[in-house]
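Here's the letter readout for the chains.
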Amino acid sequence: MEWTGARYADKPTVEVRAWVGAPPGRVWDLVADVTLMPAMSDELQSVEWLDGATRPALGASFVGRNKHASFGEWETTSQVIEYDQGRVFAWAVGDTKSPSAVWRFRLEPKDGGTELSQWMQMGPGRSGLSFAIDAMPDKEQKIVFVRLREFERNMTVVLAHIKKLAEA
């Protein structure tokens, strides 16, 4: 990732892509099971569907519990905001009108397999990162950049795990 100088209010984004040698249906089954994600992430510790939901559907909510060396432990509630089975799965963290983040998986059939992407947007709503920015406003651009790089690294690991599981 190259330096962008983005500020939190810019709603910066990061995206990672991977080609998976498996049909989209197989990849979708893994992507849509958010309860698998903690096994693929050092930060995400657990996921639990809320209100009787057991899988993604527009409007369904889940709690994610996270842990980070610099930020400690926290939990967030996310709501599915985009769901096109086999193609797109996206959720907003916190308030859907002003989320602290938006996350999205996209799948496209490609070359006998699946082009898988994971994308995320910071903000515009406040997050744990907002407290670091409040404490060091002169370092906001660096704080945002470092966190985007962390997300990029973590997303690369997640896609590699999905690829391995789908191709097994």
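Model, not experiment: these values are computed from the prediction. (Residues numbered from 1 in each chain as written. Predicted model: local features only at pLDDT ≥ 70, side-chain atom pairs only at ≥ 80, totals over all residues. Heavy atoms only, no water.)

Caption draft 1: How the structure looks around the pairing of strand 1 (residues 13–20). Of the two faces of strand 1, only one is covered, namely that formed by Val14, Val16, Ala18 and Val20; the face formed by Thr13, Glu15, Arg17 and Trp19 stays uncovered. Where strand 1 and strand 7 (residues 113–122) come together, eight bridges link them in antiparallel fashion. Note that in strand 7 the partner of Val16 across the bridge is Gln118. (Buried < 20%, exposed > 50% of the residue type's maximum accessible area, 1.4 Å probe, protein only. Helix = DSSP H or I, 4+ residues; strand = E, 2+ residues; numbered from the N terminus. Pairing = 2+ DSSP bridges.)

Caption draft 2: Seen up close, helix 2 (residues 128–135). Listed as buried for helix 2 are Leu129, Ser130, Ala132 and Ile133. The arc enclosing the buried residues of helix 2, seen along the axis, measures out at 160°, which places them on a common side. The outward face of helix 2, more than 90 degrees from its buried face, is lined by the exposed residues Phe131 and Ala135. Contacts made by the buried residues of helix 2 are with strand 7 and helix 3 (140–167). (Arc of directions from axis to C-beta. Contact = heavy atoms within 4.5 Å.)

Caption draft 3: Representation of the sheet that holds strand 1. Pairing is antiparallel across the open sheet formed by seven strands, whose spatial order is 1-7-6-5-4-3-2. Bordering the open sheet on either side are strand 1 and strand 2 (44–49), each of which pairs with just one other strand. Shown here is a sheet whose adjacent strand axes are inclined to one another by a mean of 20°, direction ignored. Sheet topology places strand 3 (residues 61–68) next to strand 4 (residues 72–84); eight bridges connect them, and they run antiparallel. (Axes fitted to C-alpha atoms, helices over the stretch in contact; angles between N-to-C directions.)

Caption draft 4: Local environment of the pattern of salt bridges. Applying the stated rule across the entire model yields 13 salt bridges. The shortest N-O distance in the salt bridge between Glu48 and Arg65 comes to 3.6 Å. One end of the pair, Glu48, is in strand 2; the other, Arg65, is in strand 3, with 17 residues separating them in the sequence. Here Glu48 falls in the partly exposed class, since its relative accessible area comes to 42%. Between Arg104 and Glu82 there is a salt bridge, with its nearest N and O atoms 3.0 Å apart. Here Glu82 lies in strand 4 and Arg104 lies in strand 6 (residues 101–110), a separation of 22 residues in the sequence. Each of Glu15, Arg17, Lys110 and Glu115 takes part in a single network of salt bridges with overlapping partners. (Salt bridge = Lys/Arg side-chain N within 4 Å of Asp/Glu carboxyl O.)

Caption draft 5: View of a positive patch on the surface. Among the surface-exposed residues, Lys139, Lys142, Arg149 and Arg153 lie close enough to one another that they form a single positively charged patch. Along the chain, the position of Lys139 falls in the loop between helix 2 and helix 3. With a relative accessible area of 43%, Lys139 lands in the partly exposed category. (Patch = residues over 30% accessible without salt bridge, like charges linked within 9 Å, V, L, I, M, F, W, Y side chains within 5 Å. Areas by Shrake-Rupley, 256 points an atom, 1.4 Å probe, with all protein chains shown as cover. Lys, Arg positive; Asp, Glu negative; His and termini not counted. Charge placed at Lys NZ, Arg CZ, Asp CG, Glu CD.)

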